[in-house]
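Each chain, letter by letter, is given below.
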Amino acid sequence: MKYLIVIACVITASAFPSAAQEHPAAGAEVPACITCHVSENPTEQDAALKACPRPNAEAAPAHESSESPDFFILDKLSDIYVPVVFPHKLHASMTEMGIGCEQCHHNNPPGPILGCSACHETKPEQANLKQPALKGAYHRQCLGCHREWDHETDCVVCHAKREPGHPVALPADSTDIMGMLHPNIEEPDIKVYKAEDMEGTPFVSFHHREHVQLFGLKCTACHQRENCSSCHNSEQQALPREREDPHQDCVRCHTEQVNNDCTFCHAETERPGFNHEQRTGFVLSTFHEGVTCTQCHPQKGAFTGQKPECNACHAADWVPTKPIDHAVTGVALDETHAQLGCVDCHTGGIGTPAVCEACHDEKPDISKWSTNAAPVRVPAPETSAPVEEHKGTGAKRYD
Amino acid sequence: MDLNRRRFLQFLGAGAVGGISTAVTPAEASSVENISDGYGVLVDTTECIGCRKCEFACNREHHLTDLPLERYEDTSVFETERWLQANAYTVVNRHPNPENAAKPTFVKSQCLHCLDPACASACLVGALQRQENGAVTYDAWKCMGCRYCMVACPFQVPAYEYGNALTPQVRKCTFCASRTAQEGGLPACVEMCPQNCLTYGKRSELLALAHEKIAGNPELYQDHVYGESEAGGTSWLYLAARPFTELKFQDIGPEPIPHLTETIQHSIFKFGALPLMLYGMLGAVMRIAKGGHGRHAETTAEEEVS
Ligand code: SF4
Ligand code: SF4
Ligand code: SF4
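Residues numbered from 1 in each chain as written. Chains lettered and ligands numbered in written order. Predicted model: local features only at pLDDT ≥ 70, side-chain atom pairs only at ≥ 80, totals over all residues. Heavy atoms only, no water.

Attention now moves to the overall build of chain A. Of regular secondary structure, chain A possesses 15 helices and five strands. Expressed as a percentage of its 399 residues, the buried residues of chain A come to 26%. In chain A, 58% of the contacts between residues at least 6 apart in sequence involve partners at least 24 apart. Of the roughly 26100 Å² of accessible surface on chain A, a fraction of 56% belongs to carbon and sulfur atoms. (Helix = DSSP H or I, 4+ residues; strand = E, 2+ residues; numbered from the N terminus. Buried < 20%, exposed > 50% of the residue type's maximum accessible area, 1.4 Å probe, protein only. Contact = heavy atoms within 4.5 Å. Areas by Shrake-Rupley, 256 points an atom, 1.4 Å probe, with all protein chains shown as cover.)

Take a look at the structure:
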């Protein structure tokens, strides 16, 4: 059979002189027909040539990563796993740190850029000893870099296990490299920028850690459409991130302030971070220190004021896990009463008035228990209109 | 254990050359030249990522362990060097790369399926045999459990089921003979390897390919195909970016080991007394030479006399 093909090739070569120019000359070492032809029976009308890279193909034409397709779903080989969603554009932009498209599309002939499967056979595996089959080609491309960049060679980095009903979902943002793949970075505590053109108020104090840990922002809330080359050079060193407009990250949340109130960020000096007690009058120390903003202020983006009563957040049948300091309510309990559970007195649940008669025949005088210190509380807002926490004068924000 | 076995082999070799090599002429030993062109595998260690999928595929194919696929992603196993066992026909080891710590070298080990296998020559009953296709296969039915093959193999490949009291077998890579017997069939490990760093094919073609790869990328590859000539040539061939000795490959000359072992084995039948004397002498020599440390080698020698 092999000989037949070779003979057919030679005949084809001599019968079609136009093609023969590129065709290996008779007598020269003739490669197997399938090296260049898709079909084993190429004809004059249809030479059935592979668009495949041929030996000595010229360099791939240059393309901008911005022209590149966003995603590819690689499903030619998926059986154990669901098809791989390959964020192509993201990778294309990375190659701009290197040699461009050719970094992956090696030996691409002039003309359109070809995918891996244009040359690498799906099956049979190892039909061509000189080049890996499609499976090997894919893995070598991916792991050639990934094993060094992030040391990740686990299958699940790219593959999700095939389970019944598992859809192939595109991630929301193809460029979400920070959210998808980036190894953990420790965020800086504070970044102080100096805006030279803001006379008198040049300093902008950005409390980075606070935004992440306290306000619970995800990296991608600010780091959108980033790719490797926005922060790294080709030696992987991290460089300062460049933005077209320094306001572009802040404006997504602080739209109004960025447009109307420069002093919201720009100040004469460096500013301290957010302090709940100073801003709202509610002391977080001891019991609420580790609580993130959104646990009490669930409305994303615009934090509404929250009533200071326990039952604003805690359910009526909540049992404190640690003894609470009742004095913060304005009533300090004596030793006996401190032993009781909340609902022993607050029979209607937390937040309802204590019912002394549940135990005592007559209502005792508890005025002597009253602490002189005013209860730590802020007046509950009259309406449920959002309190714009980050809005207002500089005095209110950072007094 | 390795050391003991290897040293024992050296003694055997020395004995054979010094003592009785004149008794049997080399012409009687098999020669590599007339071995048919079987199949082999070219392992390109520069492509291996240490994913251990080959181990998984082999263990599943031969029912060696039933660990689930996910467990093979545990890279902590690389912290200690592992070697072939009765329930592990292939293992992957990691070798640190002094030039690029982020890119260590991984090496898959298994039986190399020698062209002129020492294990088969050492086997008195022909339980181990080289097949036409290159595989060196084992027939448990013929095996009498003498474990000469384990001593003879220069690569310390055959393992023994010491834990199996009733029907212990010698265990080693089978080259997936039953799979490759089918049209287009590939060894399980070769088929599974996601990197295609294992290439299965005719040994002669693989050798040509290996040299082509070296010529095409001389900066990357060492100019040496391990297995091309080691121990008379092996079916499994290796390419590497670093000297093979750094990757713990045995530095073995081109002389087929069988020429040494076979000389002794054949002599047993020809001149029974001579080897017995030799073996007795060896036992004595080893006892003296190794003192308290030579316990294993000593027993091996005595077992062989009995
Ligand atoms: S590597 Fe060892 S076990 Fe394998 S064929 Fe060669 S001598 Fe035999
Ligand atoms: S060839 Fe077969 S037996 Fe040998 S290591 Fe590969 S899978 Fe295991
Ligand atoms: S499957 Fe292939 S890449 Fe993975 S460890 Fe084995 S030989 Fe290396």
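Having seen the structure, we can now continue with the description.
Let's shift gears to the sheet that holds strand β8 (residues 198–202) of chain B. In a beta sheet, neighbouring strands pair by backbone hydrogen bonds and run either parallel or antiparallel. Residue and element names in this part refer to chain B. Here we have three strands laid out as an open sheet, ordered β8-β1-β9, and mixed in their pairing. The open sheet terminates on both sides in strands that have one partner only, identified here as β8 and β9 (236–239). Adjacent strand axes in the sheet meet at a mean angle of 25°, parallel and antiparallel pairs treated alike. (Pairing = 2+ DSSP bridges. Axes fitted to C-alpha atoms, helices over the stretch in contact; angles between N-to-C directions.)

In the vicinity of ligand 1, 14 residues are found, and the nearest of them are Cys111(B), Leu112(B), Cys114(B), Cys119(B) and Cys153(B). The residue makeup of the shell around ligand 1, split by class, is twelve nonpolar, one polar and one charged. (Near = heavy atom within 4 Å. Nonpolar A, V, L, I, M, F, W, Y, C, P; charged D, E, K, R; others polar.)

Bringing the interface of chain B and chain A into the picture now. Facing 29 residues of chain B, the contacting portion of chain A comprises 20 residues. For chain B, the biggest contributors to the area lost against chain A are Ile49(B), Glu73(B) and Asn196(B); these three give 26% of the whole. Linking chain B to chain A there are two salt bridges. Counting across the chain B and chain A interface gives eight residue pairs in polar contact (both at pLDDT 80 or more). Among the elements that take part in the side of chain B that touches chain A, helix α7 (residues 203–216) of chain B stands out by supplying four residues, more than any other. (Buried area = accessible area lost by both parts, 1.4 Å probe. Salt bridge = Lys/Arg side-chain N within 4 Å of Asp/Glu carboxyl O. Polar contact = N/O pair within 3.5 Å; in protein donor to acceptor, adjacent residues only side chain to side chain.)

Our next topic: the sheet that holds strand β5 (residues 266–267) of chain A. One open sheet holds the three strands; their spatial order is β3-β4-β5 (chain A), and the pairing between them is antiparallel. Every other strand in the sheet has two partners, leaving β3 (191–194) and β5 of chain A as the edge strands with one partner each.

Let's shift gears to the state of the cysteines. Within this structure, the stated rule accounts for zero disulfides over all chains. Cys104(A) supplies the cysteine sulfur nearest to Cys145(A), a cysteine that is in no disulfide, at a spacing of 6.5 Å. By relative accessible area, Cys145(A) is classed as partly exposed at 35%. Among the cysteines around Cys146(B), which has no disulfide bond, Cys123(B) carries the closest sulfur, lying 6.0 Å off. (Disulfide = S-S within 2.5 Å.)

Moving on, we get to the site of ligand 3. Not every one of the 13 residues close to ligand 3 is listed here, only the nearest: Cys48(B), Cys51(B), Arg52(B), Cys54(B) and Cys193(B). For the shell around ligand 3, a count of residues per class yields nine nonpolar, two polar and two charged.

Next up on the list: the packing of aromatic side chains. Residue and element names in this part refer to chain B. A complete count under the given rule lists ten aromatic pairs over all chains for this structure. Where Phe56 meets Tyr72, the ring centres are 5.5 Å apart and the plane angle is 75°; that geometry is what we call edge-to-face. Placement of the pair is Phe56 in helix α2 (residues 53–61) and Tyr72 in the loop between α2 and β2 (91–95), with a sequence separation of 16 residues. In this pair, the class of Phe56 matches that of Tyr72, namely buried. Measuring from ring centre to ring centre gives 4.9 Å for Tyr238 and Phe249, while their planes differ by 70°; the resulting arrangement is edge-to-face. One end of the pair, Tyr238, is in strand β9; the other, Phe249, is in the loop between β9 and α8 (258–270), with eleven residues separating them in the sequence. Neither Tyr238 nor Phe249 differs from the other in exposure class; each is buried. Grouping aromatic residues by their ring pairs yields a cluster made of Tyr39, Phe175, Tyr200 and Trp236. (Phe/Tyr/Trp six-rings, centres within 6.5 Å; stacked < 30°, edge-to-face > 60°.)

Moving on, we come to α7(B). Residues and elements named next belong to chain B. In this model, α7 (14 residues) spans 19 Å end to end at C-alpha, consistent with the 20 Å of a helix rising 1.5 Å per residue. For α7, the set of buried residues is Arg203, Leu206, Leu207, Leu209, Ala210, Lys213 and Ile214. When α7 is viewed along its axis, its buried side chains cluster within an angular range of 165° and face the same direction. Away from the buried face of α7 by more than 90 degrees, exposed residues Ala215 and Gly216 are located. Residues of α7 that are buried sit in contact with β1 (39–44), β8 and β9. (Expected span 1.5 Å × (residues − 1). Arc of directions from axis to C-beta.)

Time to look at the pairing of strand β3 (residues 105–109) of chain B. Buried residues dominate β3(B), accounting for five of its five residues. Alternating residues of β3(B) divide into Thr105(B), Val107(B) and Ser109(B) and Phe106(B) and Lys108(B), and every residue in both groups is buried.

Residue and element names in this part refer to chain B. β8 sits mainly inside the fold: four of its five residues count as buried. The pairing of β1 with β8 spans five bridges and is antiparallel. Within the sheet, the bridge partner assigned to Tyr39 lies in β8 and is Lys202.

Residue and element names in this part refer to chain B. Along α2, seven of the nine residues are buried, which leaves the element largely enclosed by surrounding structure. Along α2, the positions that sit buried rather than exposed are Lys53, Cys54, Glu55, Phe56, Ala57, Cys58 and Asn59. Its buried side turned inward, α2 meets β2, β3 and α6 (188–192). Positive phi appears at His63, one or two residues downstream of α2, with a value of about 55°.

Turning next to the side chain of Ser109(B). All names here are of chain B. Along the polypeptide, Ser109 turns up in strand β3. Among the residues examined, Ser109 registers a relative accessible area of 12% and is labelled buried. Sequence-distant contacts of Ser109, defined by excluding residues within four places in its chain, comprise Trp83, Leu84, Tyr89, Thr90, Val91 and Tyr238.

Below, the discussion takes up the pattern of salt bridges. In the structure shown here, the tally under the stated rule is twelve salt bridges over all chains. A salt bridge links Arg209(A) to Glu187(A); its shortest N-O distance comes to 3.4 Å. Here Arg209(A) is found in helix α6 (residues 208–214), whereas its partner Glu187(A) is found in the loop between α5 (177–180) and β3, with 22 residues between them in sequence. Residue classification places Glu187(A) among the buried positions, given a relative accessible area of 15%. Among the ionic pairs, Glu61(B) bridges to Arg179(B), the shortest N-O distance being 2.9 Å. Highlighted residues: Glu61(B) in helix α2 and Arg179(B) in helix α5 (residues 177–180), separated in sequence by 118 residues.

Here the focus is the confidence of the model for chain A. Residue and element names in this part refer to chain A. Residues of chain A with pLDDT of at least 70 account for 64%, and the chain-wide mean is 71. Below a pLDDT of 50 lies the segment residues 1–21, which in the model reaches 13 contacts outside its immediate sequence neighbourhood of four places, other chains included. With pLDDT under 50 throughout, residues 375–399 is counted as low confidence; its partners more than four residues away or in other chains account for 46 contacts. (pLDDT = per-residue confidence, 0-100.)

All names here are of chain B. Looking at chain B as a whole, its pLDDT mean stands at 80, while 73% of the residues score no less than 70. Element-level mean pLDDT values for chain B span from 39 in helix α10 (residues 295–305) up to 97 in β9. Predicted confidence is poor over residues 1–34, with pLDDT under 50, and the contacts of this stretch with residues over four places away or in other chains come to 52 contacts. Note that residues 292–306 has pLDDT below 50 and, in this model, 21 contacts with residues that lie over four places away or in other chains.

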